[in-house]
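# Per-entry structural report
As a plain string of letters, each chain reads:
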Amino acid sequence: MTYKVAISFDRCKITSVTCGCGNKDIFYCAHVVALSLYRIRKPDQLQKFVQYLITAHHTEVLPTAQKLADEILSSNSEINQVHGAPDPTAGASIDDENCWHLDEEQVREQVKLFLSQGGYYGSGKQLNSMFAKVREMLRMRDSNGARMLTLITEQFMADPRLSLWRQQGTGITEKCRQLWDELGALWVCVVLNPHCKLEEKSSWLRQLRKWGEMDVCPLEDGNYGNELPNITNALTQSSSHSQDSLARPRRTVFTRAIEGCDLHWQDSHLQRIISSDFYVSPAYQREGESLLFNSQGQPLWLEHVPTACARVDALRSHGYPREALRLTVAIINTLRLQQQRQLEIYKHQKKELLQRGATTITNLEGWVGHPLNPIGCLFLTLTEACRLEEENCLEISDTGDTKPPVYQHVPVTTGSQDSGESYLSLALEVALMGMGQQRVMPEGLYAQDKVCRNEEQIIARLQDLELDPVLVQTLRKQCILLLEGGPFSGLGEVIHRESVPMHTFAKYLFSALLPHDADLAYKLALRAMRLPVLETTAPSGDVTHPHHLVSVVPSRYPRWFTLGHLESQQCELASTMLTAAKGDMLRLRTVLEAIQKNIHSSSLIFKLAQDAFKIATPADSNSDTTLLNVALELGLQVMRMTLSTLNWRRREMVRWLVTCATEVGVRALVSILQSWYSLFTPTEATSIVAATVMSHNTILRLSLDYPQREELASCARTLALQCAMKDPQNCALSALTLCEKDHIAFETAYQIVIDAASTGMTYTQLFTIARYMEHRGYPLRAFKLASLAMTHLNLAYNQDTHPAINDVLWACALSHSLGKNELAAIIPLVVKSVHCATVLSDILRRCTMTAPGLAGIPGRRNSGKLMSTDKAPLRQLLDATISAYINTTHSRLTHISPRHYGEFIEFLSKARETFLLAQDGHIQFAQFIDNLKQIYKGKKKLMLLVRERFG
């Protein structure tokens, strides 16, 4: 295809493009790129054009041409201050504004489209790549960078979801929040451009203020308005806190950029820092200059840290990498000096602070999770200076992951004596300083979540560093400083109750230090295990800043939305230490104590116990007893913690504990059987614990000898009897089963059941045990229990599908098989408990079919004769059955509908069969039917059916 392409150039910039291909994108199409390359590669055409022009008009043009030629040859002339030259072929005047061509409509359309997809279909990635494009433009010092950012921001502010989220009071979605953050950070970068014109800055400021005043503008801490402080205010708190929440000025995502407009670069000390590697303190310092340099003569920069880092980011972003590095070094030297001074202050206050056991927070603004990401910014600036650019570093590896960057040590260039430091070791040092800073957990879900996210990002970058001896030395030195750092360090001896926990950071430090200095690694990780916000009694320390008076709230702890995540990080740290300490009993003990002291969630301790068990029992080699014992001890702690609280995982926990104790050995099993009451409920102890311990599998697994087996069995029986006494309803059957092999124990268990039968047990439980007794060959005991069960039962006339019917039939069959006496004993109980005619007639029928006493109890004689319904005990049963039929009939007729007539006639036929078992049964039945016709003569249709069938 052939396309018509037109490009206008002016002073080395493409100022407008058109192409016939109709490309709709913010990037140039391939055809525009091709033509630009052609123009770059054939610069001599323009020279030829100039020479012909001068020749044709030599008289008019020559003086100007000579003047311009002189200026071009002079290196500091005005012409040479500008890249390129005006393009006469495009007809642009020398005074015209010149900037790169940017298709503004296209930018608007694309941002709008990506926002409407709400973070789906990779739109978040697309928007991030547009932000990256803005950064690239700033770095190339392309004035369109700010213009493009303005267009993007306008579309973001017009996002219809903003007002929706505001009305509903819900926060912005996570993906969207991160994009707004990047937008805010980019504006800070733009306004801090060290070479922007004043009028540019004031127009940006107007825009930013306009956006910031719109009520839909997202707030810096991620919440709409004051929803969060209000919820915390609902708790009765000191009034100063609630006042503070309301009085705090509204900070939007643009507030920092607006504040950034007040910053300038005119400070002479700052100018000297960024313009020379060799700026050192003069030999004789004038009054006041001591604050500008450290004792080695290196310059310091004493600005508020996040602001100073924003300057570094701006220098980096606007294409001044050397200057950014110089300012970074000055900031780090300042931080070091502050760290030293803080250590000295702490040494004087140490005794008092340790006695109080609490500390005030000096850093109300944490650097990790800060909107300006100060630590990330310094780290990137330093590591970028140390990157080894491989030839093919842009190639993606086979798995599709980008390869981690490779760094080398680049010595720090300073004016003073060679410090022997590299930018890489500074990067590690500043990351450790920032991450170890003690800071208060910010308010609100979003700010808290950001703390975790930022921490993870920095750690991911740290893990790209190969720790060589130089870096290990930096790591050790910084870790020691953090441990000794008092209230300024999150790893100091005392911390504030609402200090951001250090678990994630400590886990990184532990793993990094372990191969080089195990003692230091453990000391640090053990120190970091604490989570004071969960200690109910923790003193809150005197917080000088009203914003943090949350700690005086009577509630158990302030609103930490990320608490679940933080607790799981604490658990991860403990798990990492347990794994590393495998086989070292002393270290394991210390870790175990730290877990027992600091972790308060039973499910997390259970997870740790499971982790320890897994590591202690590898599939391919022998178990590690030290770690197994730790797993068991943690498991026992979980049992005690969850014994009286409801926990849906309790059964799983109990089963796991038995498995773990089995793995530890027979002594552990004996121990849990003997102290069952502090670990398990009676039901758990009998049905899960003892039953599993006595199972065939356990005995095989432990390959026990006879005395050991006996010892276990004896413990299990003792437990069974104790549980049966404590909770006969739920444990009697398990107790009997566990005591089967020991006569005395079995008799004791049976006696416990009999004693409990009259009061505490239901008929279902008693029937179950009775059946068990029959099955075990104790029919008379079964009969006794069945009789007791019958006394607890009551079956109404209409309960002909009651689950206990089978038990009643079984009990009568058992009595019948034992003999006439037993049957005579149970029938009065049946008559008293069962009022359902069909069930009674079923029992009656079964009793008349065979002779009683077929069980053949030794020492008994049975006549072998069928029993008569005219004589006791069956006569009583027959009368009860007939009377049940009569009562049921009347009950059914009071509210019968025509569709049940057929069923009712069948019921009467069944009744007739029973009536006929009596001697004068046919007369009784005839009277009964006449009676019905008389009473219910209003139900004509039904009585017609009765006459048809029964006369």
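Computed from a prediction, not measured in an experiment: that's the story for all the values here. (Residues numbered from 1 in each chain as written. Predicted model: local features only at pLDDT ≥ 70, side-chain atom pairs only at ≥ 80, totals over all residues. Heavy atoms only, no water.)

### Comments concerning the UniProt feature "domain: SWIM-type" (unreviewed entry) in the protein chain
Counted only if it meets this: UniProt positions are given in the numbering used here, feature names are shortened, and annotations may be inferred rather than shown by experiment. The numbering of helices and of strands both runs from the N terminus, where a helix is a DSSP run of H or I of at least 4 residues and a strand a run of E of at least 2.
The UniProt entry lists residues 3–40 under the feature "domain: SWIM-type" (unreviewed entry), expressed in the numbering used here. Here residues 3–40 runs as 29% helix and 34% strand, with 20 Å between its end C-alpha atoms.

### A short note on helix H26 (residues 625–642)
Note the threshold: To estimate how far a helix should extend, the number of its residues minus one is multiplied by 1.5 Å. Only protein chains enter the accessibility calculation, which uses a 1.4 Å probe; a residue whose area is less than 20% of its type maximum is buried, one above 50% is exposed, and one in between is partly exposed.
For H26, built from 18 residues, the straight-helix expectation of 26 Å at 1.5 Å per residue is met to within 8% by its first-to-last C-alpha distance of 26 Å. With 13 of 18 residues buried, H26 is to be regarded as a mostly interior element.

### Some points on the environment of His-370
This is how it is decided: Two residues qualify as a contact provided that any one of their heavy atoms is within 4.5 Å of a heavy atom in the partner residue. For this analysis, a polar contact is any N or O atom pair within 3.5 Å, provided that within protein one partner can donate a hydrogen and the other can accept it, and provided that sequence-adjacent residues contribute only side-chain to side-chain pairs.
Its location among the elements puts His-370 in the loop between helix H16 (321–356) and helix H17 (374–384). Residue class for His-370 comes out buried when judged on its relative accessible area of 3%. Those residues within four positions of His-370 in sequence are excluded, and the remaining contacts are Arg-256, Pro-306, Glu-365, Lys-450 and Asn-454. Polar side-chain contacts of His-370 include one of 2.9 Å to the side chain of Glu-365.

### Things to note about the packing of aromatic side chains
The criterion, for reference: Each Phe, Tyr or Trp ring, with Trp reduced to its six-membered ring, pairs with another whose centre is within 6.5 Å; inter-plane angles below 30 degrees give stacked pairs, above 60 give edge-to-face pairs, and intermediate values give tilted ones. A ring is considered to have a charge above it if a Lys NZ or an Arg CZ atom is located within 6 Å of its centre and within 35 degrees of its normal.
Tallying each qualifying case throughout the model produces 16 aromatic pairs. Consider the rings of Trp-676 and Tyr-677, whose centres lie 6.0 Å apart with planes at 80°: the pair is edge-to-face. Residue classification places Trp-676 among the buried positions, given a relative accessible area of 3%. Consider the rings of Phe-746 and Tyr-778, whose centres lie 5.5 Å apart with planes at 25°: the pair is stacked. Of this pair, Phe-746 sits in helix H33 (residues 743–757) while Tyr-778 is found in the loop between helix H34 (763–775) and helix H35 (779–791), placing the two residues 32 residues apart along the sequence. A relative accessible area of 2% means that Phe-746 is categorised as buried. Counting every residue linked through ring pairs, the aromatic cluster contains Phe-131, Phe-156, Trp-180, Trp-187, Trp-211 and Phe-254. The aromatic ring of Tyr-320 is capped on one face by Arg-141, whose charged end is 3.9 Å from the ring centroid.

### Focus: helix H24 (residues 585–598)
Under the convention used in this document: To obtain the arc, one takes the directions from the helix axis to the C-beta atoms.
For H24, built from 14 residues, the straight-helix expectation of 20 Å at 1.5 Å per residue is met to within 8% by its first-to-last C-alpha distance of 20 Å. Taken as a whole, H24 has its buried residues at Leu-588, Val-591, Leu-592, Ala-594, Ile-595 and Asn-598. Considered in projection along H24, the buried side chains sweep an arc of 160° and stay on one side of the axis. Structural note: H24 exposes Leu-586 and Lys-597 on the side pointing more than 90 degrees away from its buried face. Those residues of H24 that are buried are in contact with helix H22 (518–528), helix H23 (563–580), helix H25 (602–616) and H26.

### Re the pairing of strand S1 (residues 5–10)
Using the following cut-off: Only when DSSP finds a minimum of two bridges between them are two strands counted as paired.
Pairing of S1 with strand S2 (residues 13–19) involves six bridges; the strand directions are antiparallel. Along S2, the bridge assignment pairs Asp-10 with Lys-13. Where S1 hands over to S2, the hairpin turn is made up of two residues, of which Arg-11 adopts a positive phi near 45°.

### Section: the state of the cysteines
Condition: Note on terminology: disulfide denotes any pair of cysteine sulfur atoms within 2.5 Å.
Tallied over the full model, the rule gives zero disulfides. Cys-21 forms no disulfide, and the closest cysteine sulfur to it belongs to Cys-19, at a distance of 3.6 Å. With a relative accessible area of 27%, Cys-21 lands in the partly exposed category.

### A word on the packing of H22 against H23
Helices that pack against each other are described as a pair by the angle of their axes relative to one another and the distance between those axes. We count it as follows: A fitted line through C-alpha atoms represents every axis, and for helices the fit uses only the stretch in contact; the resulting angles, taken between N-to-C directions, go from 0 to 180 degrees. Note that the term roughly parallel is reserved for angles under 35 degrees, roughly antiparallel for angles over 145, roughly perpendicular for angles of 65 to 115, and oblique for everything else. Handedness of each helix crossing follows the sense of rotation of the near helix against the far helix: counterclockwise by less than a right angle gives left-handed, clockwise gives right-handed. Here the term charged refers only to Asp, Glu, Lys and Arg, the term nonpolar to Ala, Val, Leu, Ile, Met, Phe, Trp, Tyr, Cys and Pro, and the term polar to all other amino acids, Gly among them.
Across the interface, H22 lies against H23 with an axial gap of 10 Å and an inter-helix angle of 150°. By the angle between their directions, the pair H22 and H23 is classed as roughly antiparallel. Here H22 and H23 pass one another in a crossing that is left-handed. Where H22 approaches H23, its residues Tyr-522, Ala-525, Leu-526 and Ala-528 are matched on the opposing element by Leu-573, Met-577 and Ala-580. Partitioned by chemical class, the residues of the contact of H22 with H23 number seven nonpolar, no polar and no charged.

### As for the packing of helix H32 (residues 728–738) against H34
It is at 10 Å that the axes of H32 and H34 come closest, and there the two elements cross at 10°. Between H32 and H34, the crossing angle belongs to the class labelled roughly parallel. Here H32 contributes Gln-729, Asn-730, Ala-732, Leu-733, Leu-736 and Thr-737 to the contact with H34, which in turn contributes Gln-765, Thr-768, Ile-769, Tyr-772 and Met-773. Per-class residue counts for the contact of H32 with H34 are six nonpolar, five polar and no charged.

### Points about the nonpolar core
The condition that has to hold: We call a set of buried residues a nonpolar core when its members are Ala, Val, Leu, Ile, Met, Phe, Trp, Tyr or Cys and they connect through side-chain atoms within 4.5 Å of each other.
Membership of the largest hydrophobic core comes to 252 residues, with the highest contact counts inside it found for Ile-152, Phe-156, Trp-180, Trp-187, Phe-254, Leu-578 and Phe-680. Counting residues in hydrophobic clusters, the runner-up holds ten residues, among them Val-500, Leu-531, Leu-534 and Trp-560.

### With respect to the pattern of salt bridges
Using the following cut-off: Salt bridge, as used here: a side-chain nitrogen of Lys or Arg that lies within 4 Å of a carboxyl oxygen of Asp or Glu.
Taken as a whole and assessed by the stated rule, the structure comprises 46 salt bridges. Of the charged contacts, one joins Arg-667 and Glu-711 as a salt bridge, the two residues approaching to 3.0 Å between their closest N and O atoms. Highlighted residues: Arg-667 in helix H28 (residues 666–674) and Glu-711 in helix H31 (residues 706–726), separated in sequence by 44 residues. Notably, a salt bridge pairs Arg-845 with Asp-842, separated by 2.8 Å at the nearest N-O pair. You can see Arg-845 and its partner Asp-842 sitting in helix H38 (residues 837–849), three residues apart, about one turn around the helix. Here Arg-845 falls in the partly exposed class, since its relative accessible area comes to 45%. Three or more residues are tied together by salt bridges with common partners; here these are Arg-135, Glu-182, Asp-313, Arg-316 and Glu-384.

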